[in-house]
Amino acid sequence: MTAAALNRSSFAPRIVGVFSLVAFFAVVEILIRSNLISRFIVPPPSEIVASFKRVIVEERVVTRFFQTMVECLTAGLMLTFFGVAGGVLLHRFDLLRRATETW
């Protein structure tokens, strides 16, 4: 394949990007295994990938994600409800609006 054909290919940038990412992780792994980088500071990429299954299954990440999502939606609804109610009160009662104006 010529350089011009490689430049026209839509897969070339993706291949180079994936190769660069793999090469980066390989270099980091080599540096950690040769003790140039402390494994106490930076865990090896191979150990990180191996821990994904444990984190997802044993720590129930999906369940906790949905629990957090429900909590965020509930907080948003409560914020909307009380914010609108407070705005209506401030709009209707001039004394309350003037009392809280400097807040």
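Values in this document were obtained by computation on a predicted structure and should not be read as measured data. (Residues numbered from 1 in each chain as written. Predicted model: local features only at pLDDT ≥ 70, side-chain atom pairs only at ≥ 80, totals over all residues. Heavy atoms only, no water.)

1. Let's talk about helix α2 (residues 12–33)
At step 1: For α2, spanning 22 residues, the distance from its first C-alpha to its last is 31 Å, which sits close to the expected 32 Å at 1.5 Å a residue.
At step 2: Just beyond α2, the residue with positive phi is Asn 35, at close to 65 degrees. (Helix = DSSP H or I, 4+ residues; strand = E, 2+ residues; numbered from the N terminus. Expected span 1.5 Å × (residues − 1).)

2. As for the environment of Arg 39
At step 1: When you line up the elements, Arg 39 lands in the loop between α2 and α3 (45–58).
At step 2: Its relative accessible area of 38% is what places Arg 39 among the partly exposed residues.
At step 3: Setting aside chain neighbours within four positions, we find Arg 39 in contact with Ile 32, Pro 44 and Glu 47.
At step 4: Only 2.9 Å separates the side chain of Arg 39 from the side chain of Glu 47, close enough to count as a polar contact. (Buried < 20%, exposed > 50% of the residue type's maximum accessible area, 1.4 Å probe, protein only. Contact = heavy atoms within 4.5 Å. Polar contact = N/O pair within 3.5 Å; in protein donor to acceptor, adjacent residues only side chain to side chain.)

3. Some details on the packing of aromatic side chains
At step 1: Applying the stated rule across the entire model yields three aromatic pairs.
At step 2: A centroid spacing of 5.3 Å and a plane angle of 70 degrees characterise the contact between Phe 65 and Phe 66, whose relative ring orientation is edge-to-face.
At step 3: Measuring from ring centre to ring centre gives 5.1 Å for Phe 81 and Phe 82, while their planes differ by 80 degrees; the resulting arrangement is edge-to-face.
At step 4: The class for Phe 81 is exposed, based on a relative accessible area of 55%. (Phe/Tyr/Trp six-rings, centres within 6.5 Å; stacked < 30°, edge-to-face > 60°.)

Function-wise, these values are silent; they only describe arrangement.
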